[in-house]
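So you can see what is in the structure, the chains are spelled out below.
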Amino acid sequence: MSAVLDAGFFRRWMTAAAAAVDREADRLTDLDSAIGDADHGANMRRGFAAVAAALEAEPQPTPGAVLVFAGRRLISTVGGASGPLYGTLLRRTGKALGDAAEVTPEALAEALGAGVAAVAQLGGATAGDKTMLDALGPGVDALGRGGGFAGAARAAAEGAAATVPMLARKGRASYLGERSIGHQDPGATSAALLFEALVEAAA
Amino acid sequence: MSAVLDAGFFRRWMTAAAAAVDREADRLTDLDSAIGDADHGANMRRGFAAVAAALEAEPQPTPGAVLVFAGRRLISTVGGASGPLYGTLLRRTGKALGDAAEVTPEALAEALGAGVAAVAQLGGATAGDKTMLDALGPGVDALGRGGGFAGAARAAAEGAAATVPMLARKGRASYLGERSIGHQDPGATSAALLFEALVEAAA
Amino acid sequence: MLINVPETVVADALRGFAAAHPELTVDVENRVVVRRDAPVAGKVALVSGGGSGHEPLHAGFVGPGMLSAACPGEVFTSPVPDQMVRAAAAVDSGAGVLFVVKNYTGDVLNFDMAAELAEDEGIQVAKVLVDDDVAVSDSLYTAGRRGTGATLFVEKIAGAAAEEGAPLERVEAIARRVNAASRSFGVALSACSTPARGGPTFDLPPGELELGVGIHGEPGRERRPMMTAREIADVAVDAVLDDLDPSGPVLLLVNGMGGTPLLELYGFGAEVHRVLGERGVPVARTLVGNYVTSLDMAGASVTVCRADEELLRLWDAPVRTPALRWGR
Amino acid sequence: MLINVPETVVADALRGFAAAHPELTVDVENRVVVRRDAPVAGKVALVSGGGSGHEPLHAGFVGPGMLSAACPGEVFTSPVPDQMVRAAAAVDSGAGVLFVVKNYTGDVLNFDMAAELAEDEGIQVAKVLVDDDVAVSDSLYTAGRRGTGATLFVEKIAGAAAEEGAPLERVEAIARRVNAASRSFGVALSACSTPARGGPTFDLPPGELELGVGIHGEPGRERRPMMTAREIADVAVDAVLDDLDPSGPVLLLVNGMGGTPLLELYGFGAEVHRVLGERGVPVARTLVGNYVTSLDMAGASVTVCRADEELLRLWDAPVRTPALRWGR
Ligand SMILES: Nc1ncnc2c1ncn2[C@@H]1O[C@H](COP(=O)(O)OP(=O)(O)O)[C@@H](O)[C@H]1O
Ligand SMILES: Nc1ncnc2c1ncn2[C@@H]1O[C@H](COP(=O)(O)OP(=O)(O)O)[C@@H](O)[C@H]1O
Ligand SMILES: [Mg+2]
Ligand SMILES: [Mg+2]
Ligand SMILES: [Mg+2]
Ligand SMILES: [Mg+2]
């Protein structure tokens, strides 16, 4: 984790994310059918496939550029709640990275913090509302505390699992009231996959 | 079977028929759902219930009048193929009985023969087409041969059972072609119930 | 099922229909739906009817430019002659009445009886039998082809002719011409559930479909493993064209059986257009929707009508009914 | 399902929609459906959109007197901002554009982004959020009430105001007024099946129903043993009236979720009329049909809108769209 991260790393991250959400699409959709509208897997698959294809066609020069570009593609291809939210996460993280050719993991952690804050602001959710934030937050925090990508992935996965007993207060799951309890949030689950993809990209 | 049959007997016949088709309505509908449109039980129940109620309100004076009246009620309340066909069966049988106050079983057999012929003419079906005629025909024949009501009921039931291997050539079941084979015809099944009701009316 | 009890389904629906359509006269008790301005002086009247469960057919097609009256029977059961006679009496202006009858034994027998009775009352009656379903071979070994989607074409086009003031023989001739120029083929992806039965009318596992179904929840001619919309369109259109062989432009109805989402139906419509294009058949007009249904059955049917200029003009003529409405 | 592959369902449907509706401009590639005569000089434009699977909403409501353009997203997934910006640019005459947005997180976020982008391009944009579903409490603990059946009322009535030449602020104000005056409640008798999932979105055994469902195949607030149409109408109407308390006449939408036969829907409509009558609420206009659907879900929703004379006049104004058409 001492290595600096270049644009190639960030492209690998996005490719690994595309592979992960493709692999797990059915599980994400199953989770979304329990407390949502059964499209989260298809949404993530469509969005990250578009990101991976676009980056293949137009490889971006810097880490920041890769994420800003990826974020824009998500916004343009996903729709739903997750499109603008994940799109904003990547765009704002990318913007925070500036135009450096290489960034440190610490800089990424900080930039991701800005990205997550932007997601919270856009969606109006806070920790404990049973959303993607409940995996994004712990993941980024672990990274910021020097836990490395593996530690961040672990924390994000635990965060996702911790959404099971929560009562949803944002997104579609909130319509269910008490009936949202007992199910893991699909967006938190896909967020944890993004951290897993970071580990893969670094491997 | 030496006793003559009066209007009371014919009213009892219709009431027994109403009870029989009510009891067997689900079976008739099941048979009709295999090779038809799943309404024969409801049709027969609705029609004979109306007949029984109408005869209660306006008891007809003669055997012929009871059947003509019942046939008209069937035509006015059943619809579908079975309404005009059963309605015609009873009307023509009743007309053939004339305005006698009492009729013999032999006269009934002959009148029923005229009724069945009218059904065959109206529907254009013949024996072996997998229709109600395949129970009506054998039933009336048995009655005409002096088999009594019980013998007629037996012959009609056997006739209904014999429709199972037949290929339907009339009514909805004909749409199924070869797939109509292996199912008992609902109309033949209800026709057999009418002969059973004769036995009950005589008991 | 969203019902009270099976016995009152048709009466309940008529009450709801009456409340939703104050522009029509609905006799709930006697089960007759009539154009409010009937009888229209000098105009030939069109009366149709059939079992319920095919909505919006027929009551949804009552109004200026289409039917004068409709007689709904019990679910999947032809109405009784009394209804048809009452309807004919209510709409006849003296110019005569055309009965539009789908070719099912029950409908044919009941309308025949009604025609006799109406003629006894001095009403001039003509009849047209609709029998467009190519899945049934029209032979001595069947009750003849079923009447399905073409009913809409016949009622719309003959209705327009009547509205224009055509006399009875001419309205009847046009109705026959439309029927003769129309063919349909239907598929089911699920059975339907009738209120009386309370469950599916036959057992069709997911992953299989029935080819050549009618509109009464009966099984079709053949069961097959699930096919794509593209494959189904190929089969349906080819079955129709085999029997029709149109040279010029056609009217096209891509009809939902009730339970297939409009989203899927439009996608199926795209495939139907593709095949017709590949077969060199120009489509002059297209109607996509749930018009001749089979309760909640999933599936669709394709109806094609060879159209000449007169039929197209009558098709485009104004119509003002609950389910079909354009022009004016 | 009557589809090719789940991935192309929306594009296939748009191809079919384009073939069936030559009177509209359909950009299949970019997923925008536009009134053919847009931009109409001096007229405020209405743009709506949302996930697919609710047909005829929204594309079926494009045309004179209603929407200027619609943007269909993937099934149950809000469209993306690019579509809305493109639609706005296609229909803006300079008089501005009203975005009609159903209150779902995804729709709100995507339309918000689109509004910003469109304003960057010099288009004046106003937005109205539709949130009529009383099954969701509008509290800090939810994403707010869902937008369901009232969308039709808002699009029809605001569309009529725009057609009359009302300026943007006024069209927006009327849209808000209609939304504020509308409440809905829905029930599901079955789940729906999305193409991506290939099967029901949740498990609802026959003999049970879900009260308080939305239009995205999500479970409702409460599961109950099956109820009669009469009982369901009592619950739905009372839930709506509890929150609305209309004094005068109302517009009524008895909306099918897609899989409920029209026969049953009309019967349910009769019961809804009965309850409203019992509660002393006069019904000025009734619409019964599958308008705001949830694929093949069996079930229905009731939407009531308090109507004054202006709203009634705008409701009655001519409309010419694939799914809603009257007047002129
Ligand atoms: N307001 C919000 N803030 C943060 N995340 C949210 C919010 N609303 C929804 N989400 C996330 O989005 C996920 C659903 O995404 P998706 O199914 O793709 O979109 P949709 O809900 O529009 O169908 C939820 O599981 C949740 O994690
Ligand atoms: N042409 C015919 N001649 C004699 N009987 C017929 C004919 N067509 C149908 N049937 C009888 O009618 C029965 C079906 O009656 P029913 O289900 O009540 O009417 P429908 O077929 O109109 O739904 C068949 O089982 C058959 O016995
Ligand atoms: Mg979702
Ligand atoms: Mg039958
Ligand atoms: Mg029948
Ligand atoms: Mg969604």
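The rules behind the values
- Residues numbered from 1 in each chain as written.
- Chains lettered and ligands numbered in written order.
- Predicted model: local features only at pLDDT ≥ 70, side-chain atom pairs only at ≥ 80, totals over all residues.
- Heavy atoms only, no water.
- Helix = DSSP H or I, 4+ residues; strand = E, 2+ residues; numbered from the N terminus.
- Rg over C-alpha atoms; globule rule 2.2 N^0.38 Å.
- Buried < 20%, exposed > 50% of the residue type's maximum accessible area, 1.4 Å probe, protein only.
- Lys, Arg positive; Asp, Glu negative; His and termini not counted.
- Charge placed at Lys NZ, Arg CZ, Asp CG, Glu CD.
- Donors = N, O, S within 2.8 Å, 3.2 Å for Na, K, Ca; no water.
- Contact = heavy atoms within 4.5 Å.
- Buried area = accessible area lost by both parts, 1.4 Å probe.
- Salt bridge = Lys/Arg side-chain N within 4 Å of Asp/Glu carboxyl O.
- Near = heavy atom within 4 Å.
- Polar contact = N/O pair within 3.5 Å; in protein donor to acceptor, adjacent residues only side chain to side chain.
- Areas by Shrake-Rupley, 256 points an atom, 1.4 Å probe, with all protein chains shown as cover.
- Least-squares fit on C-alpha atoms with pLDDT ≥ 70 in both.
- Expected span 1.5 Å × (residues − 1).
- Nonpolar A, V, L, I, M, F, W, Y, C, P; charged D, E, K, R; others polar.

As recorded by an unreviewed UniProt entry, chain C carries the name Dihydroxyacetone kinase subunit DhaK and is attributed to Streptomyces roseolilacinus.

Peer 1: Got a sec to walk through the overall build of chain A? Specific residues and values, please.
Peer 2: From N to C terminus, chain A includes 9 helices and 2 strands. Element order for chain A, N to C, with α for helix and β for strand: β-α-α-α-α-α-β-α-α-α-α. Here the C-alpha atoms of chain A give a radius of gyration of 15 Å, agreeing with the 17 Å that 2.2 N^0.38 yields for 203 residues. Structurally, chain A occupies a C-alpha span of about 50 × 35 × 30 Å along its principal axes. Here chain A, with 203 residues, has 60% of them falling under the buried criterion. Of the charged side chains in chain A, 18 are positive and 22 negative; the average position of the first set lies 4 Å away from that of the second.

Peer 1: Any details on the coordination of the magnesium ion (ligand 5)? Residues and values, ideally.
Peer 2: Surrounding the magnesium ion (ligand 5) are the protein donor atoms Asp37 of chain B (OD), Asp39 of chain B (OD) and Phe76 of chain C (O), which sit 2.1 to 2.2 Å from the metal. The two metals, the magnesium ion (ligand 5) and the magnesium ion (ligand 4), are separated by 3.5 Å and share Asp37 of chain B as a common coordinating residue. Here Phe76 of chain C lies in the loop between strand 4 (69–75) and helix 2 (81–91) and Asp37 of chain B lies in the loop between helix 2 (25–35) and helix 3 (40–57), a pairing that spans two chains.

Peer 1: I'd like to hear about the interface of chain C and chain D, residue by residue, with values.
Peer 2: Contact with chain C, which involves 48 residues of that partner, is made by 48 residues of chain D. For the chain C and chain D pair, buried surface summed over both sides reaches about 3,900 Å², with 65% attributable to carbon and sulfur atoms. Its largest share of buried area at the contact with chain D, chain C owes to Leu2, Leu263 and Tyr266 of chain C, together 22% of the area lost on that side. Between the two partners, chain C and chain D, sit 2 salt bridges.

Peer 1: So what's going on with the site of ligand 2? Which residues, and what values?
Peer 2: Close to ligand 2 lie 21 residues; Asp37, His40, Ala81, Ser82 and Asp185 of chain B are nearest. Taken together, the residues near ligand 2 originate from chains B and C. In this structure, Asp37 of chain B approaches ligand 2 through a side-chain N or O atom, which is 2.8 Å from an oxygen atom. A distance of 3.0 Å separates an oxygen atom of ligand 2 from a polar side-chain atom of Asp39 of chain B. Bound to the protein, ligand 2 loses 96% of the 560 Å² it would expose on its own. Contributing elements (two or more residues each) for the shell around ligand 2: helix 3, helix 5 (82–97) and helix 9 (186–202) of chain B. The element that contributes the greatest number of residues to the shell around ligand 2 is helix 9 of chain B, accounting for 3 residues.

Peer 1: Give me the lowdown on the relation of the copies chain C and chain D, citing residues and values where you can.
Peer 2: If you rotate chain C by 180° and push it 0.0 Å along the axis, it lands on chain D with an RMSD of 0.0 Å. The superposition of one copy onto the other is thereby described by a two-fold rotation axis. Every residue of chain C has its C-alpha some distance from the rotation axis, and the shortest such distance is that of Gly259 of chain C, at 2.4 Å. A symmetric contact is evident, with 100% of the interface residues of chain C recurring at the interface of chain D.

Peer 1: Outline helix 7 (residues 133–144) of chain B, listing residues and values.
Peer 2: All names here are of chain B. Between the first and last C-alpha of helix 7 there are 16 Å, a value that for 12 residues agrees with the 16 Å anticipated at 1.5 Å per step. Regarding helix 7, the residues found buried are Leu133, Asp134, Ala135, Leu136, Gly137, Gly139, Val140, Ala142 and Leu143. Buried residues belonging to helix 7 abut helix 5, helix 6 (105–123), helix 8 (148–161) and helix 9. Gly146, located one to two residues past helix 7, shows a positive phi value of around 85°.

Peer 1: Before we move on, can you summarise the interface of chain D and chain A with the specific residues and values?
Peer 2: Facing the 35 residues of chain D at the interface are 31 residues of chain A. In this assembly, chain D packs against chain A so that about 2,600 Å² is buried in total across both faces, 55% of it on carbon and sulfur atoms. The largest contributions to the chain D side of the interface with chain A come from Leu109, Met113 and Arg197 of chain D, which together make up 19% of the buried area. Of the charged contacts, one joins Arg197 of chain D and Asp30 of chain A as a salt bridge, the two residues approaching to 2.4 Å between their closest N and O atoms. Seen at the junction of chain D and chain A, the total is 14 residue pairs in polar contact (both at pLDDT 80 or more). Elements represented by at least two residues in the side of chain D that touches chain A include exactly strand 4 (69–75), helix 2 (81–91), helix 3 (105–120) and strand 9 (222–225) of chain D. A total of 5 residues in the side of chain D that touches chain A trace back to one element, the largest contributor, which is helix 3 of chain D. Classifying every residue of the side of chain D that touches chain A gives 14 nonpolar, 12 polar and 9 charged.

Peer 1: If you had to explain the coordination of the magnesium ion (ligand 4) to someone new, which residues and values would you point to?
Peer 2: Residue and element names in this part refer to chain B. Taken together, the protein ligands of the magnesium ion (ligand 4) are Asp32 (OD), Asp37 (OD) and Asp39 (OD), with distances of 2.0 to 2.2 Å. Taken in chain order, the donor set of the magnesium ion (ligand 4) reads D-x4-D-x1-D. Accessibility expressed as a relative area gives 2% for Asp37, which makes it buried.

Peer 1: Please set out the site of ligand 1 residue by residue, giving values where relevant.
Peer 2: Close contacts around ligand 1 come from 21 residues, with His40, Ala81, Ser82, Asp185 and Gly187 of chain A the closest. Per-site note: the chains with residues close to ligand 1 are chains A and D. Here an oxygen atom of ligand 1 and a side-chain polar atom of Asp39 of chain A are 3.0 Å apart. Take Arg172 of chain A: an N or O atom from its side chain is 3.2 Å from an oxygen atom of ligand 1. Summarising the interface, the protein chains cover 96% of the accessible area of ligand 1, which totals 560 Å² for the free molecule. Sorting the residues of the shell around ligand 1 by element identifies helix 3 (40–57), helix 5 (82–97) and helix 9 (186–202) of chain A as the ones contributing at least two each. For the shell around ligand 1, the element with the most residues is helix 9 of chain A, which contributes 3 residues.

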